[in-house]
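Listed here are the chains, written in short residue letters.
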There are 2 protein chains.
Amino acid sequence: MTRWEPGARERLERAALELFAQQGFAETTVPEIAARAGLTTRTFFRHYADKREVLFAGDDEIPSRIAALMADAPPDLKPMALIAWGLHTTADTAFAGQREHMRARRAVIQTDAGLGERELRKQVTLAHAIAGALRDRGLDELSATLAGKIAITVFSTAIQRWLDDDRERPLGDILGEGLDALKTLAREEGARPPSETVC
Amino acid sequence: MTRWEPGARERLERAALELFAQQGFAETTVPEIAARAGLTTRTFFRHYADKREVLFAGDDEIPSRIAALMADAPPDLKPMALIAWGLHTTADTAFAGQREHMRARRAVIQTDAGLGERELRKQVTLAHAIAGALRDRGLDELSATLAGKIAITVFSTAIQRWLDDDRERPLGDILGEGLDALKTLAREEGARPPSETVC
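Residues numbered from 1 in each chain as written. Chains lettered and ligands numbered in written order. Predicted model: local features only at pLDDT ≥ 70, side-chain atom pairs only at ≥ 80, totals over all residues. Heavy atoms only, no water.

Residues lying three or four places apart along an α-helix face the same way, a consequence of the helix completing one turn every 3.6 residues. The first and last C-alpha atoms of helix α10 (residues 171-187) of chain A sit 24 Å apart over 17 residues, in line with the 24 Å expected at 1.5 Å per residue. Buried residues of α10 of chain A: L171, G172, I174, L175, G176, G178, L179, A181, L182, T184, L185 and A186 of chain A, and no others. Lining the buried residues of α10 of chain A we find α6 (79-93) and α9 (141-164) of chain A together with α5 (79-93), α8 (141-164) and α9 (171-187) of chain B. Directly beyond the C-terminal end of α10 of chain A, a positive phi value near 55 degrees is found at E188 of chain A. (Helix = DSSP H or I, 4+ residues; strand = E, 2+ residues; numbered from the N terminus. Expected span 1.5 Å × (residues − 1). Buried < 20%, exposed > 50% of the residue type's maximum accessible area, 1.4 Å probe, protein only. Contact = heavy atoms within 4.5 Å.)

Okay, here's the thing in structure tokens:
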């Protein structure tokens, strides 16, 4: 019963998402998820505290992933340029090929207020981790806090637009539009992002 | 039993906050809240769906309040200036004299992950309402979405700092620091807000 199950987490995640989509989040039980994945309920609980957490797999690793990303960043970037670099890098790696999976996940989350609230908590965790990395690079507390939240605002807005789009446009392009719009807003030059901004 | 109870909402809110602080959110029941307020359980449920919603009284009115605020705004402000005006106006009116009440409310919310997630959902509602008001004034969809979220980011960060502070500094001053830090970040001029920014 305690033997190692290769890919158990991924199998449970896929099984859960299928069942949530087919029969609803509230209607799905942990034994059903485990059975669909060909695993025991006991194995389920070795990997996840409850069925909700299956949709938030990997959240524990967020701070260490962001720290690793920041360690790879070019050293001289100013805060927003560093954020843009980090978000573009993440878009090009972690999110590549994930659009259909993420659309399915979002569809489930949208059916349940509690899941939506949990998703927001994930964004707070991400913003804190980014703020911490910026503080470690010497940014003051207030600017780091705001920059972390703004990074997540821009990224989550880009992801929603990416998932909404009928065509599959590259996430990096959509992200770039958001970063441009942010800059334009902050500079109060007008409502539409100009292609070139000369100060 | 159905007679009008003057100030019932406010009495229930005060009673709930007292009980949550004294004995914990999870441990407090609706009949206890109603009894502390000198009202019936039935009256409680005429005003609130459950004990959690007492902490989020007035959320339904957010869109109409923001619309009313925007209707009063000077007509020629660009988006971020409009946001700064709206946030400062809100800080000076709705939040004046509320610091101790809000500290007590926050202390309760911090004890329960579900309450924290509900608080985040409230921020999303606020951001949507601001975005809608900006779209109504002609701002494009993406910029309005980002600006609504950034407004709430700056405001909620200011409120946290206001509540954290040992001294009671005016919320408007703390808010101004956040708006300056945002501008500096977006302009990438450095990590600290300069007192005067000449472009």
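Further remarks concern the pattern of salt bridges. Per the counting criterion, the structure on display carries 36 salt bridges over all chains. A salt bridge links D59 of chain A to R118 of chain A; the nearest nitrogen and oxygen atoms lie 3.1 Å apart. Separated by 59 residues along the polypeptide, D59 of chain A in the loop between α4 (51-54) and α5 (62-71) and R118 of chain A in helix α8 (residues 113-136) bring together distant segments of the chain. The residues D59 of chain A and R118 of chain A share a single accessibility class, namely buried. Between D165 of chain B and R169 of chain B there is a salt bridge, with the nearest N and O atoms lying 3.9 Å from each other. (Salt bridge = Lys/Arg side-chain N within 4 Å of Asp/Glu carboxyl O.)

Moving on, we get to the environment of A73 of chain B. Residue and element names in this part refer to chain B. Relative to the assigned elements, A73 resides in the loop between α4 (62-71) and α5. Distance from A73 to T89, taken between C-alpha atoms, is 9.6 Å for residues 16 residues apart in sequence. Other than its neighbours up to four places away in sequence, A73 contacts L82, W85 and R137.

Okay, the environment of E32 of chain B next. Residues and elements named next belong to chain B. With respect to the helices and strands, E32 occurs in helix α2 (residues 30-36). Measuring from C-alpha to C-alpha, the distance between E32 and L120 comes to 27 Å, with 88 residues separating the pair along the chain. Setting aside anything within four residues of it in sequence, one finds E32 in contact with L19, Q23 and E27.

Any pair of aromatic rings gets described here by the distance separating the centres and the angle formed by the planes. Residue and element names in this part refer to chain A. A complete count under the given rule lists 10 aromatic pairs over all chains for this structure. Between F95 and W162, the aromatic rings sit 6.5 Å apart at their centres with planes inclined by 80 degrees, giving edge-to-face as the arrangement. Here W162 lies in helix α9 and F95 lies in the loop between α6 and α7 (99-109), a separation of 67 residues in the sequence. Residue F95 is classed as buried on the basis of its relative accessible area, which comes to 15%. (Phe/Tyr/Trp six-rings, centres within 6.5 Å; stacked < 30°, edge-to-face > 60°.)

Let us look at the interface of chain A and chain B. Where interface size is given, it is often the accessible area lost as the parts come together that is meant. Each side of the interface is counted separately: chain A has 39 residues, and chain B has 39 residues. Taking both sides of the interface into account, the surface hidden between chain A and chain B amounts to around 3400 Å²; carbon and sulfur atoms contribute 66%. Linking chain A to chain B there are four salt bridges. Across the pair E117 of chain B and R121 of chain A runs a salt bridge, and its minimum N-O distance is 2.5 Å. For the interface between chain A and chain B, the tally reads six residue pairs in polar contact (both at pLDDT 80 or more). When contributions to the side of chain A that touches chain B are tallied by element, the ones reaching two or more residues are α6, α8, α9 and α10 of chain A. (Buried area = accessible area lost by both parts, 1.4 Å probe. Polar contact = N/O pair within 3.5 Å; in protein donor to acceptor, adjacent residues only side chain to side chain.)

For the rest of this paragraph, the subject is the relation of the copies chain A and chain B. When chain A is fitted to chain B, the residual RMSD is 0.0 Å, and the transformation amounts to a turn of 180 degrees plus an axial shift of 0.0 Å. The transformation relating the two chain copies, once decomposed into turn and shift, fits a two-fold axis. Closest approach to the rotation axis within chain A is made by the C-alpha atom of E117 of chain A, at a distance of 2.4 Å. By residue overlap, the copies meet face to face through one surface: 100% of the interface positions of chain A are interface positions in chain B. (Least-squares fit on C-alpha atoms with pLDDT ≥ 70 in both.)

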